[in-house]
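Per-entry structural report
Chain by chain, the residues:
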Amino acid sequence: MLLKLLALGGLGYAGYRYYEKNKSRPAFAANQGDAAVRDAGPSAMRDKPDGNWSKTDEASDESFPASDPPANY
């Protein structure tokens, strides 16, 4: 019984290590390095926005995740 628990724990640990090593940061572009917070603007996005990028879109992206809207909104 103890060997089964040890084997299960080892598999869980190996799976966790594999997940942590291979997890991706979906919002970040390749040029962001190891930053904890994504830079603002479409150049910092992995998936570029469709259509035009307005000043409102940029101001909203710069203020996220702040609770207050940008001053020039």
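This text follows the structure it describes.
Heads up: these notes are all about the structure in this document. (Residues numbered from 1 in each chain as written. Predicted model: local features only at pLDDT ≥ 70, side-chain atom pairs only at ≥ 80, totals over all residues. Heavy atoms only, no water.)

Regarding the overall build of the chain
Looking only at helices and strands, the chain has 2 helices and 0 strands in total. For the chain, the proportion of its 73 residues judged to be buried stands at 14%. Taking the intrachain contacts of the chain between residues at least 6 apart in sequence as the baseline, contacts between residues at least 24 apart amount to 0%. Put simply, the chain shows about 6,400 Å² of open surface, and 57% of that area lies on carbon and sulfur atoms. (Helix = DSSP H or I, 4+ residues; strand = E, 2+ residues; numbered from the N terminus. Buried < 20%, exposed > 50% of the residue type's maximum accessible area, 1.4 Å probe, protein only. Contact = heavy atoms within 4.5 Å. Areas by Shrake-Rupley, 256 points an atom, 1.4 Å probe, with all protein chains shown as cover.)

A few points about the side chain of Asp-61
Mapped onto the elements of the fold, Asp-61 is located in helix 2 (residues 55-63). Those residues in contact with Asp-61, other than ones at most four positions away along the chain, are Arg-38, Asp-39, Ala-40, Gly-41, Met-45 and Trp-53.

Here we look at the environment of Trp-53
On the secondary structure map, Trp-53 appears in the loop between helix 1 (2-22) and helix 2. Trp-53 sits 11 residues away from Pro-42 along the chain, and the two C-alpha atoms are 7.7 Å apart. Leave out the neighbours within four places in its chain, and Trp-53 touches Gly-41, Pro-42, Met-45, Glu-58 and Asp-61.

Focus on helix 1
Over its 21 residues, helix 1 runs 30 Å from end to end, which matches the ideal 30 Å to within 8%, given 1.5 Å per residue. Counted residue by residue, helix 1 has 0 buried out of 21 residues, so it is predominantly exposed. (Expected span 1.5 Å × (residues − 1).)

Remarks on a nonpolar patch on the surface
On the surface, Met-1, Leu-2, Leu-3, Leu-5 and Leu-6 cluster together into a nonpolar patch covering about 650 Å² of accessible area. Relative to the helices and strands, Leu-6 resides in helix 1. (Patch = residues over 30% accessible without salt bridge, like charges linked within 9 Å, V, L, I, M, F, W, Y side chains within 5 Å. Salt bridge = Lys/Arg side-chain N within 4 Å of Asp/Glu carboxyl O.)

Things to note about the environment of Ala-44
Of note, Ala-44 is situated in the loop between helix 1 and helix 2. Ala-44 sits in the buried class, given a relative accessible area of 2%. Taking C-alpha positions, Ala-44 is 7.3 Å from Asn-31, a pair spaced 13 residues apart along the chain. Setting aside its immediate chain neighbours within four residues, Ala-44 contacts Ala-27, Phe-28, Ala-29, Gln-32, Arg-38 and Asp-39.

In short, the description is geometric, and any link to function would need to be established separately.
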